[in-house]
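A look at the structure
Listed below, chain by chain, are the residues.
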Amino acid sequence: MPTTPRRRFLRYLAASPALCTTGIATSLAGSGWEDGQDDFLIDAPEDALDVFDFHTRAKKMLPPAHYGYLATGTDGNETLHANRTAFGEFYLRPRRMVDTLRIETSGELLDTTLDSPILLAPIGSHNAFHADGELAVARATRSRRSLMMLSNVATRSLEDVIAARGAPAWQQLYPVGEWSVTEKILRRAERAGAPVVVLTVDLNGDSNRVMLGRYVRRDERNCDACHSDDRGSYFDRRPMYHGTGATLDGRAVVAGMTWDFVARLKESTSMKVVVKGIVTADDADACVRYGADAVYVSNHGGRAEASGRGAIASLPEVVAAVNGRVPVIFDSGVRRGTDVFKALALGADAVSIGRPYIWGLAAFGQAGVEAVIDMLNAEFRMVMSQMGAPTIADIRREHVGA
């Protein structure tokens, strides 16, 4: 059966009451379905039913090592899986008889106007997933008026990304041992027009990415073509470190980073400072006390520490500790409009996606990223309507139970 007619047929089945009384429901919702493990590949972005359809295609198209880099968690992927299962610990409480004829998702975050609270989180090495890399993502965020955060280990420069976006991007920061490296990155980001720097604090030590190692073993390519010493050091292949003097020896020294680093960052830049990787109330309070302009709840998509705790479970205590003093951003495990709604109801001011837009990039380039953004925004608007919350301000804690 051709893909498009088949899609229509599946949509018909999904809407049919008969589905609930047959074995079809079990087969469509069987184990592994959320990982996109079904029996067909979409041929075009518009064929997708959810973001997992992009995952299925991306997995088929990417070299094993590149897919493993994207998919991996730590140890046995306990935190990676917890990021999804933890969303299931919260249920939605819809309100009826509310006028939701007009749904409004716009807002403001750190002096940045948003059409939607769904942002694109920083992910490194986009060229590993598509030849156009970060430029394809930048063009997609331009067409969809979405906010983009650029990884410090991107394969394209901030200047090129901002040119492709036609608007500023936020600059993520992985500091190294030498403060002079950080200072050069800050000056460059300021000159390029970045209004915000996103300091990532949850990779101070190494992480045990077992799944990545297993996929690397499956890859039969000669990876020296891209990763040999002949092409320079790790930092030589990362444009935002060019001219900074960063060395691999200095990379591990970030384990010595303390809260004083946040204070020093605030004193050293005109950009607003966001601290990313916060999962406890004590650290959230410290962020605010040391001058952070926003707190970013994240466990690095389950690829930093093997805590076994889903990031959404961390959100309520962080929100309580921040107590409205600064905005709270959330990511890790977001795959559906319901996830976005739950995070906002639990107190987040904005929600970032990571792997889903890279699945779209790997599957269809810019068009795939645009389709993922469109899909999640459409799902989110639908959930707002279902929950009786016509504006972002109407999304409240009582919309979620546990």
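These remarks concern the structure in this document. (Residues numbered from 1 in each chain as written. Predicted model: local features only at pLDDT ≥ 70, side-chain atom pairs only at ≥ 80, totals over all residues. Heavy atoms only, no water.)

Take unusual backbone geometry next. Not every positive phi belongs to a glycine, and N77 is a case in point at roughly 65°. In this structure, N77 sits in the loop between α4 (64-71) and α5 (78-85). In this structure, R145 takes a positive phi of about 55° despite not being glycine. Tracing the chain through its elements places R145 in the loop between α6 (133-144) and β5 (149-150). (Helix = DSSP H or I, 4+ residues; strand = E, 2+ residues; numbered from the N terminus.)

Okay, the sheet that holds strand β6 (residues 170-173) next. In spatial order, the strands read β4-β11-β10-β9-β8-β7-β6-β5; together these eight strands make up an open sheet with parallel pairing. If you trace the sheet from one side to the other, it starts and ends with β4 (118-120) and β5, each paired once. Two strands pair when backbone bridges link them, and β6 and strand β7 (residues 196-200) are joined in this way by three bridges, in the parallel orientation. Paired with L173 across the strands is L199, a residue of β7. (Pairing = 2+ DSSP bridges.)

By convention here, two paired aromatic rings are described through the distance between centres and the angle between planes. With the rule as written, the count across this model stands at eight aromatic pairs. Considering the side-chain rings of F54 and F364, the 6.2 Å spacing of their centres and the 90° angle between planes classify their relative orientation as edge-to-face. Here F54, found in helix α3 (residues 51-61), pairs with F364, found in helix α16 (residues 355-364); they are 310 residues apart in sequence, far enough to count as distant. Summarising the burial analysis for this pair, F54 and F364 share the class buried. Taking the centre distance of 5.4 Å and the plane angle of 75° together, the rings of W179 and F261 count as edge-to-face. Here W179 is found in helix α8 (residues 179-192), whereas its partner F261 is found in helix α12 (residues 259-268), with 82 residues between them in sequence. The two residues W179 and F261 agree in class, both being buried. (Phe/Tyr/Trp six-rings, centres within 6.5 Å; stacked < 30°, edge-to-face > 60°. Buried < 20%, exposed > 50% of the residue type's maximum accessible area, 1.4 Å probe, protein only.)

Along the chain, M257 falls in the loop between α11 (248-251) and α12. Once the C-alpha coordinates of M257 and V176 are considered, the two residues, 81 residues apart in sequence, prove to be 9.2 Å apart. Ignoring anything within four residues of it in the chain, the contact list for M257 reads P175, L199, T200, V201 and N204. (Contact = heavy atoms within 4.5 Å.)

In this section: the side chain of T72. With respect to the helices and strands, the residue T72 is situated in the loop between α4 and α5. The buried category is assigned to T72, whose relative accessible area is 0%. A polar contact of 3.2 Å, which involves the side chain of T72, links it to the backbone nitrogen of L212. Each residue touching T72, except ones within four places of it in the same chain, is listed here: N77, L80, R209, V210, M211, L212, R303 and R355. (Polar contact = N/O pair within 3.5 Å; in protein donor to acceptor, adjacent residues only side chain to side chain.)

As a further point, take the pairing of strand β8 (residues 272-278). Among the seven residues that make up β8, six are buried, leaving the element largely enclosed by the rest of the structure. For β7 and β8, the ladder comprises five bridges, and the chain directions are parallel. Bridge pairing in β8 places V198 opposite V274. Pairing of β8 with strand β9 (residues 294-297), which is carried by four bridges, proceeds in the parallel orientation. Counterpart to V274 in the pairing with β9 is A294. In terms of handedness, the path from β8 via helix α13 (residues 281-289) over to β9 forms a crossover that is right-handed. (Right-handed = clockwise from strand over helix to strand, strands pointing away.)

Below, the discussion takes up the packing of α3 against α16. Axes are the key here: two packed helices are described by the angle between their axes and the distance separating the axes. Running from N to C, α3 and α16 point in directions that differ by 50°, and their axes come no closer than 8 Å. Here α3 lies oblique to α16, going by the angle between them. When the axes of α3 and α16 are compared, the crossing they make is left-handed. Packed against α3, whose contacting residues are V51, F52, F54, H55, R57, A58 and M61, the element α16 presents P356, W359, G360, A362, A363 and F364 at the interface. By residue class, the composition of the contact of α3 with α16 is 10 nonpolar, two polar and one charged. (Axes fitted to C-alpha atoms, helices over the stretch in contact; angles between N-to-C directions. Parallel < 35°, antiparallel > 145°, perpendicular 65-115°, else oblique. Left-handed = near helix turned anticlockwise from the far one by under 90°. Nonpolar A, V, L, I, M, F, W, Y, C, P; charged D, E, K, R; others polar.)

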